[in-house]
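# An overview of the molecular structure
This is what each chain is made of:
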Amino acid sequence: MTESNKQESKTVEKEMTLPPKAENFGEWFNAIIEAGSLMDVRYPVKGLYVWYPFGFGIRKRVYTIIRELLDNTGHEETLFPLLIPETEFMKEAEHIKGFEEEVYWVTHGGTSPLDVKLALRPTSETAIYPMYKLWIRSHADMPLLLYQVVNTFRYETKSTRPLIRLREITSFKEAHTVHATWDEAAEQVEKAVEIYTDFFKRLSIPTLLSKRPEWDKFPGGDYTKALDVIMPDGKTLQVGTCHHLGTNFAKTYDIRYETETGDQAYANQTCYGISERCIAAMISLHGDDKGLVLPPEIAPVQVVIIPVLFRKGAEEVMAACNDVMARLKGEGIRVEMDASDLRPGAKYYKWEMKGVCLRIEIGPRDLENRSAVLVRRDTGVKETAPLDTIVDTVKAEMKAMHDDLYDAAVEKMNSMVHPCTKLEEVKEVLGNGVATIAWCGSEECGKKMEDILDAGILGIPEHLKHENGICPVCGKETDKIVYIAKKYWICVFEKRHETPAVWRPPGFFFLYYQL
Ligand code: P5A
Ligand code: ZN
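Keep in mind the model is a prediction, meaning the values are calculated, not measured.

What counts, and at which threshold
In this numbering scheme, every chain counts its residues from 1 along its sequence in written order. Throughout, the order in which chains and ligands are written sets their labels, letters from A for the former and numbers from 1 for the latter. Only residues with pLDDT of at least 70 are given local features in this predicted model, and only at 80 or more are side-chain atom pairs given and counted; all residues enter the totals for whole chains, interfaces and linings. With hydrogens and water set aside, each side-chain value is computed from the structure's full complement of heavy atoms. At least two DSSP bridges between two strands are needed for those strands to be called paired. Helix and strand definitions follow DSSP, with helices as H or I runs of at least four residues and strands as E runs of at least two, each counted in order from the N terminus. Between N-to-C directions, angles cover 0 to 180 degrees, with each direction set by a line fitted to C-alpha atoms, over the stretch in contact for helices. Any residue with at least one heavy atom within 4 Å of a molecule or strand is counted as near it. Under the rule applied, a polar contact is a pair of N or O atoms within 3.5 Å (in protein, one hydrogen donor and one hydrogen acceptor; residues adjacent in sequence only if both atoms are side-chain atoms). The protein chains shown are the only cover counted for residues, whose accessible areas, like all others here, come from Shrake-Rupley with a 1.4 Å probe. For this classification, the nonpolar set comprises Ala, Val, Leu, Ile, Met, Phe, Trp, Tyr, Cys and Pro, the charged set comprises Asp, Glu, Lys and Arg, and every other residue, Gly included, is treated as polar. Here, expected helix span is obtained from the residue count minus one, scaled by 1.5 Å. Classification of residues uses two cut-offs on accessible area relative to the type maximum, computed with a 1.4 Å probe and protein chains only: under 20% is buried, over 50% is exposed, and between them is partly exposed. In this context, the arc is that of the directions from the helix axis out to the C-beta atoms. The working definition used for a salt bridge is a side-chain nitrogen of Lys or Arg within 4 Å of a carboxyl oxygen of Asp or Glu.

This paragraph deals with the sheet that holds strand S22 (residues 456-459). As summarised here, the arrangement of the 4 strands in space is S20-S21-S25-S22, forming an open sheet in which the pairing is mixed. Strands at the two margins of the open sheet, each flanked by one partner only, are strand S20 (417-419) and S22. In this sheet, adjacent strand axes meet at a mean angle of 35° when their direction is disregarded. Direction of pairing for S20 relative to strand S21 (residues 434-438): parallel, over a ladder of 3 bridges.

Structure representation (structure tokens):
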């Protein structure tokens with residue numbers, strides 16, 4: 001076997017291992033993580049994975065977008081330490097309650113026990129806010145809008161999954177803001193929601209926005225607004241959260257400022273975060289049985305040129321391909337040429353798997369007409385494009401591809417949101433997406449609904465109102481509606497209410513940690 005033959009047979013073997021997405025989304029997801037060169041899952045610590053360079057190229061572009069959006073809206077990037085002293089970590093009772101089961105502790109320096117244990121940040125409130133106490137002095141120091149992109153550690157006990165539920169979240173983008181008034185902080189939460197919505201649009205991802213119920217809000221916060229994505233199997237993935245923290249953390253960490261009238265007041269805060277779950281959502285929504293489908297802005301390779309070579313005219317074909325490649329590169333387009341001796345089918349397979357947006361084929365017959373064949377990755381549609389204007393055609397197709405991916409995803413999402421009036425209807429539709437139903441808003445009715453349906457309340461989409469709604473549990477009239485979904489990839493604090501409250505009154509807590 002020649003070297004190239006070997007390569008080809010290996011590729012073909014992989015080709016057969018991507019299971020059909022529509023039938024078994026879970027297996028498809030696991031398979032594409034490897035086949036799409038995203039991550040190596042063989043790292044010998046549970047819940048930790050290695051980015052392949054190709055996957056990291058995707059990550060880099062996704063995080064360039066969020067950085068751009070934040071930088072353009074008054075945020076500044078910063079970097080805080082990974083280690084948090086136990087003394088700071090243990091100050092905010094509600095916050096500890098939410099995270100205590102998830103924290104990794106550093107207890108030793110070499111062989112000597114540390115005087116004060118150090119937590120690996122599960123999120124950075126308790127690292128950042130003691131410094132905010134030092135930085136915030138007067139009303140003129142606000143608003144303060146900082147963010148960082150870091151790794152955080154959460155000892156997740158449910159099954160871990162690459163990009164979705166990690167013990168080392170490698171790409172945690174967390175923003176922490178400080179404001180004079182509660183209303184200003186509330187406005188910032190709305191801005192954060194807008195930034196995240198725009199961010200997901202750039203990834204051609206539509207999201208569902210809702211205000212989380214009381215029992216599901218961020219530990220230590222006043223309220224939480226969250227963005228969820230409906231995954232292809234109908235279950236929802238929480239991809240972003242924006243929390244109003246009120247003055248709760250400010251009181252704990254003594255973040256005060258002098259008002260214009262010379263009084264002292266506690267600051268109001270918000271924080272909001274996303275993780276590499278955004279990449280999980282992107283590949284899941286757009287990918288297909290042939291592999292990754294990536295919005296052009298994200299694709300590490302946007303165009304692949306495949307010369308169709310015969311003995312006759314090979315030189316001219318190569319010259320034309322090189323010319324097109326140089327012109328595309330000149331316009332900043334990420335382009336590769338595949339002149340290898342793989343058979344055409346194997347070449348298509350390889351580049352389709354990597355989510356290359358456009359394939360350009362040029363052969364002797366195309367040259368006779370001064371044209372090339374263009375194939376779109378998302379639709380598979382072929383078109384003939386004149387060589388002279390091919391750069392413009394490529395640009396137009398890439399723009400169209402982003403919009404078409406988004407439109408298709410919106411259509412799919414809308415077809416998976418089912419308005420219901422009775423709980424029996426909700427039960428029926430939950431296998432295929434999200435249900436909306438009236439809800440009076442009481443915790444009692446909410447929890448009853450969750451029990452009856454064996455599903456979770458995502459939250460209230462405050463921008464949607466229900467005329468003449470009737471709560472299906474208590475029968476009260478209401479204008480509120482609620483999203484209900486099967487959500488199996490929940491995050492830390494969503495599990496909090498599963499722990500009986502009697503176990504952890506704050507007093508017991510402190511006692512426990514003082515011992
Ligand atoms: C907001 C930023 C926070 O931690 N503190 C700073 C706030 N919120 S959060 O909801 O707990 O997390 C933010 C988002 O991170 C994702 N996420 C995860 N992703 C992968 N693996 C995990 N184990 C994990 N846990 C949380 C979720 O998308 C969440 O909305
Ligand atoms: Zn009710």
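From this point on, the discussion continues.
On to the site of ligand 1, then. As a structural note, the neighbourhood of ligand 1 is formed by 24 residues, with Thr123, Glu125, Glu156, Thr241 and Ser275 the closest of them. The side chain of arginine 277 places a nitrogen or oxygen atom 3.4 Å from a nitrogen atom of ligand 1. Expressed as a share of its isolated accessible area of 600 Å², the protein-covered part of ligand 1 is 100%. The set of elements that each furnish at least two residues to the shell around ligand 1 consists of strand S8 (168-179), strand S11 (236-246) and strand S14 (268-274). Element by element, the count of residues in the shell around ligand 1 is highest for S11, at 5 residues. By residue class, the composition of the shell around ligand 1 is 10 nonpolar, 8 polar and 6 charged.

The terminal C-alpha atoms of helix H10 (residues 314-330), which comprises 17 residues, lie 24 Å apart, in line with the 24 Å expected from a rise of 1.5 Å per residue. Restricting attention to buried positions, one finds in H10 the residues Val317, Ala320, Cys321, Val324, Met325 and Leu328. All buried residues of H10 project into a common sector of 135° when viewed along the axis, lining one side. Exposed and facing more than 90 degrees away from the buried side of H10 are Glu315, Glu316 and Gly330. Of the residues flanking the end of H10, it is glycine 332, one or two places downstream, whose phi is positive at about 80°.

Counted according to the given criterion, the structure contains 28 salt bridges. For lysine 91, the salt bridge goes to glutamate 88, with nearest N and O atoms at 3.0 Å. On the accessibility criterion, glutamate 88 (19% relative accessible area) is buried. Look at the salt bridges and you will find they share partners, linking Glu190, Lys211, Lys225 and Glu462 into a network.

For the rest of this paragraph, the subject is the sheet that holds strand S4 (residues 83-85). The strands that make up a sheet pair up through hydrogen bonds in the backbone, lying either parallel or antiparallel. If you trace the 3 strands from one edge of the open sheet to the other, you get S4-S6-S5, paired in antiparallel fashion. Of all strands in the sheet, those bounded by a partner on one side alone are S4 and strand S5 (105-109). Within the sheet, the average angular offset between the axes of one strand and its neighbour, ignoring direction, is 45°. Pairing of S5 with strand S6 (residues 112-120) involves 4 bridges; the strand directions are antiparallel. Across the sheet, histidine 108 pairs through a bridge with proline 113, a residue of S6.

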